[in-house]
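Architecture and fold: a report
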Amino acid sequence: MDNYTIKDGFMGQKMIVLPESIKTGLKTNIITKNFYITDIGYYPKASFHHRIRKKGADEFILIYCTEGQGELTISGKQILVLPNRFYIIPKKTAHKYRADELNPWSIYWMHFDGIIAQSLVDRYRSNLNRYEIVPFDSSRIEQFNQIFHILSSNYVMPRLEYANILGLNFLTSFVYLEIDRSLQVNDRNDLVDNIIDFLSENLDRSLKSDDIAKEFNYSSSYLFNLFKKRTGYSLIHFFNLKKAQKACEYLNYTDLSVKEISFKMGFEDPLYFSRLFKKYIGVSPKAYKSKQNG
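In this report, the structure presented in the accompanying data block is examined. (Residues numbered from 1 in each chain as written. Predicted model: local features only at pLDDT ≥ 70, side-chain atom pairs only at ≥ 80, totals over all residues. Heavy atoms only, no water.)

Digging into unusual backbone geometry
Here Lys-45, not a glycine, exhibits a phi torsion of approximately 45 degrees, which is positive. Positionally, Lys-45 belongs in the loop between β3 (36–43) and β4 (50–53). Phi at Phe-48 takes a positive value of approximately 70 degrees, unusual for a residue other than glycine. With respect to the secondary-structure elements, Phe-48 resides in the loop between β3 and β4. (Helix = DSSP H or I, 4+ residues; strand = E, 2+ residues; numbered from the N terminus.)

This is how it looks when you write it as structure tokens:
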């Protein structure tokens with residue numbers, strides 16, 4: 001049996017436990033069955049907050065601490081909970097946690113489940129630095145408050161669907177923290193991003209790996225490995241893909257012939273261009289244009 005203690009509640013606390021009938025609907029809904037929230041809340045300066053679950057919970061639990069501190073024990077492993085840290089407790093796993101007596105934590109928390117929930121938790125657990133610091137982001141808190149507001153207002157299914165889509169986004173902002181960071185605008189001064197910009201601005205040219213390496217003063221092998229690791233594509237494969245995508249624009253919005261587009265994309269042989277276009281887009285340039293006009 002759970003041991004649960006909140007002495008007289010916490011000033012400013014808020015929580016929602018969804019009714020069983022609503023949870024049943026979320027489990028079967030085509031949109032929400034992949035990911036859905038069952039409980040959600042915020043406990044500020046939660047003095048005497050203490051929870052023991054000897055058999056674990058029926059759902060996964062996200063705990064995000066923004067200030068103060070506490071202690072979390074999962075399957076016998078004790079963890080000191082500090083500000084700007086997040087933790088995901090696996091379901092059906094024994095755990096307990098408590099706020100520090102002298103400096104009690106403030107936590108945002110969410111119980112969740114669904115078809116993809118386990119895979120998301122596995123992704124989280126595969127990160128060896130999964131207890132790393134999470135930079136405070138007011139937009140993350142605003143999103144949490146939006147989710148809470150929707151779930152506290154009414155249970156019309158489209159609104160529930162939207163709240164749970166936002167909830168998935170909220171969770172993945174933690175699980176994929178490193179990727180989220182790498183996509184920030186302030187991180188654009190990255191070598192791979194600069195290469196992508198260079199390629200996008202020179203789609204009319206015929207470039208080889210050596211040409212690109214010379215432009216950035218690196219060896220072609222170094223750039224090849226770096227670029228493929230970051231994008232999943234080789235330099236030239238990516239370059240040709242961008243050419244094919246640009247050709248789609250010309251086919252959609254201009255009256256240029258396939259031959260003229262071929263030349264604009266840096267290809268002297270229109271037949272080779274057509275074969276390459278079909279490789280990436282799936283149909284020939286003529287078939288593509290015909291389909292857009294159909």
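Structure's up, so let's keep going.
A look at the pattern of salt bridges
Inspection of every chain in the model, using the stated rule, returns seven salt bridges. Lys-91 is the partner of Asp-113 in a salt bridge, and the nearest nitrogen-oxygen pair spans 3.1 Å. Here the residue Asp-113 occupies a position in strand β10 (residues 106–113), and Lys-91 occupies one in the loop between β8 (85–89) and β9 (95–99), the gap between them amounting to 22 residues. Judged by relative accessible area, which is 28%, Lys-91 ranks as partly exposed. Among the salt bridges present, the one from Lys-246 reaches Glu-249, with a minimum N-O distance of 3.4 Å. Of this pair, Lys-246 and Glu-249 both sit in helix α9 (residues 235–253), separated by three residues, roughly a single helical turn. Glu-249 gets classed as partly exposed once you look at its relative accessible area, which sits at 40%. (Salt bridge = Lys/Arg side-chain N within 4 Å of Asp/Glu carboxyl O. Buried < 20%, exposed > 50% of the residue type's maximum accessible area, 1.4 Å probe, protein only.)

Examining the nonpolar core
With 53 residues, the main nonpolar core has Ile-40, Leu-62, Met-110, Phe-112 and Leu-171 as its most contacted residues. Considering each element in turn, this core owes the most residues, seven residues, to helix α4 (residues 157–175). Contacts of Ile-40, omitting those with residues within four sequence positions, involve Lys-14, Met-15, Ile-16, Trp-109, Met-110, Phe-144, Ile-147, Phe-148 and Leu-151. Counting residues in hydrophobic clusters, the runner-up holds 30 residues, among them Leu-199, Ile-212, Leu-241 and Val-258. (Core = buried A, V, L, I, M, F, W, Y, C linked by side-chain atoms within 4.5 Å. Contact = heavy atoms within 4.5 Å.)

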